[in-house]
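Coordinate analysis (summary)
So the chains spell out like this:
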Amino acid sequence: MRIVFAGTPEFSVPALDALHGAGFRIPAVYTQPDRPAGRGRTLKSSPVKRRAVALGLPVEQPASLKAADAAERLAGYGADLMVVVAYGLILPKKVLDTPRLGCQNIHASLLPRWRGAAPIQRAILAGDPETGITIKKMDEGLDTGPMLRRCPLSIGQEETAGHLHDRLARLGAEAIVSAIHDWTSGQIEPQVQPEQGATYAAKIQKSEAHIDWCLSAEEISRRVRAFNPWPVAETSWDGRQLRIWEARSLAGRTDRAPGTVVEAAADRIVVATPDGLLQLLRLQLPGKRPVSASELLNAHALTGARFS
């Protein structure tokens, strides 16, 4: 089988490796164009492009697939199937219909829950006990196509979006190979998604990372985990940004105002919220590296401080 692959970020790389390792012929890899990055704004290739080059696979980097000749160029690769994993570009119907068997997608949620751009972070923010991978056929809707396989995965109580991202990427890579084999051999049939329970995972905005101390300790803890490694939860302290990389909700109550540091001794920084207490574990001041609570306390007095 000839499979054209389309993907861009790190999440896509394990799936490319799995398809290549399973012996599928990959005549082309589609990924987004190189982008300026870093202080020097030098062009940087996507993780998928770097991996494709290392595997000796041809790379296509169109700025859009809406051009009149996009489907024609794709057709030239004689693909039986196109596998799309976090590609980042819209596939018009003409492109979706070009491969003989259409297009399949690896989506990082148990559809129909969390259709959209940020399913991993939104699942953590909502306090979902599990998420997973859905292998689906693609249609013109937003993650609405019929499902071939759903693979559940429990979310750890203190798991960050970064860690969950890596586990889901590996699970997706395993699932896509088996799903293709089972589907093409007639062992599974696509299942229409139910509309009941459908939710939308909006793209994460950097402004969401600023902590609202009027939320409960558990809600803030989930935000810290969901925004690690990007955009990283933050608060204001003494006119400076304080990024919070790790935190843990604690039982207990206090009559202190939300955002007030109620304990700052040894290795414990504990902050008041309206419901529960929040222990800060790993923090970062501007221009500094992330440090443990004890390291920060060695250099700064936080007793009675108020975050906002």
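As a starting point, this report considers the structure included with it. (Residues numbered from 1 in each chain as written. Predicted model: local features only at pLDDT ≥ 70, side-chain atom pairs only at ≥ 80, totals over all residues. Heavy atoms only, no water.)

**So, unusual backbone geometry**
Of note, the amide linkage connecting Asn 228 to Pro 229 takes the cis form, showing an omega dihedral of 25°. Here Pro 229 lies in the loop between helix H7 (217–226) and strand S12 (233–237). In this structure, Pro 231 follows Trp 230 across a cis peptide bond, with omega equal to 0°. Mapping Pro 231 onto the fold places it in the loop between H7 and S12. Residue Asp 143 is not a glycine yet carries a positive backbone phi of 55°. Take Asp 143: its relative accessible area is 11%, and that puts it in the buried class. (Helix = DSSP H or I, 4+ residues; strand = E, 2+ residues; numbered from the N terminus. Buried < 20%, exposed > 50% of the residue type's maximum accessible area, 1.4 Å probe, protein only.)

**Examining the packing of helix H1 (residues 13–21) against helix H6 (residues 161–184)**
Two elements in contact, H1 and H6, have axes whose closest approach is 8 Å; the angle formed by their N-to-C orientations is 35°. Every pair of crossing elements has a handedness; the one defined by H1 and H6 is right-handed. Within the contact between the two elements, H1 uses Pro 14, Ala 15, Ala 18 and Leu 19 and H6 uses Ala 169, Ala 173, Ile 176, Val 177 and Ile 180. For the contact of H1 with H6, the class distribution of residues is 9 nonpolar, no polar and no charged. (Axes fitted to C-alpha atoms, helices over the stretch in contact; angles between N-to-C directions. Left-handed = near helix turned anticlockwise from the far one by under 90°. Contact = heavy atoms within 4.5 Å. Nonpolar A, V, L, I, M, F, W, Y, C, P; charged D, E, K, R; others polar.)

**Quick look at the nonpolar core**
The biggest cluster of nonpolar side chains holds 47 residues, and the ones touching the most others in it are Phe 5, Phe 11, Leu 19, Val 83 and Ile 133. Elements supplying a minimum of two residues to this core: strand S1 (3–7), H1, helix H2 (47–55), strand S6 (81–85), helix H5 (119–125), strand S9 (130–137), strand S10 (147–154) and H6. Among residues more than four places away in sequence, those in contact with Phe 5 are Ser 12, Ala 15, Leu 16, Leu 19, Ile 26, Ala 28, Val 29, Tyr 30, Val 48, Val 83 and Val 85. Core analysis: the second largest hydrophobic core is formed by 25 residues, Ile 211, Val 261, Val 271 and Leu 296 among them. (Core = buried A, V, L, I, M, F, W, Y, C linked by side-chain atoms within 4.5 Å.)

**A short note on the sheet that holds strand S2 (residues 29–30)**
Taken in spatial order, the 7 strands of this open sheet run S5-S2-S1-S6-S7-S9-S10, and their pairing is mixed. One side of each edge strand has no neighbouring strand; the edge strands of this open sheet are strand S5 (59–60) and S10. By the bridge criterion, 2 bridges tie S2 to S5 in an arrangement that is parallel. For Tyr 30, the partnering residue across the bridge sits in S5 and is Glu 60. Relative to the sheet, H1 contacts S1, S2, S6 and strand S7 (103–107), its axis offset from that of S1 by approximately 165°. (Pairing = 2+ DSSP bridges.)

**Brief notes about the pattern of salt bridges**
For the coordinates displayed, the defined rule picks out 17 salt bridges. The shortest N-O distance in the salt bridge between Glu 60 and Arg 73 comes to 2.7 Å. With Glu 60 in strand S5 and Arg 73 in helix H3 (residues 70–75), this pair connects stretches of sequence that are 13 residues apart. A salt bridge links Asp 182 to Arg 149, with the shortest nitrogen-to-oxygen separation between them at 2.7 Å. Taken together, the residues span a long stretch of sequence, with Asp 182 in helix H6 and Arg 149 in strand S10 at a distance of 33 residues. Look at Asp 182 and you get buried, because its relative accessible area is 17%. (Salt bridge = Lys/Arg side-chain N within 4 Å of Asp/Glu carboxyl O.)

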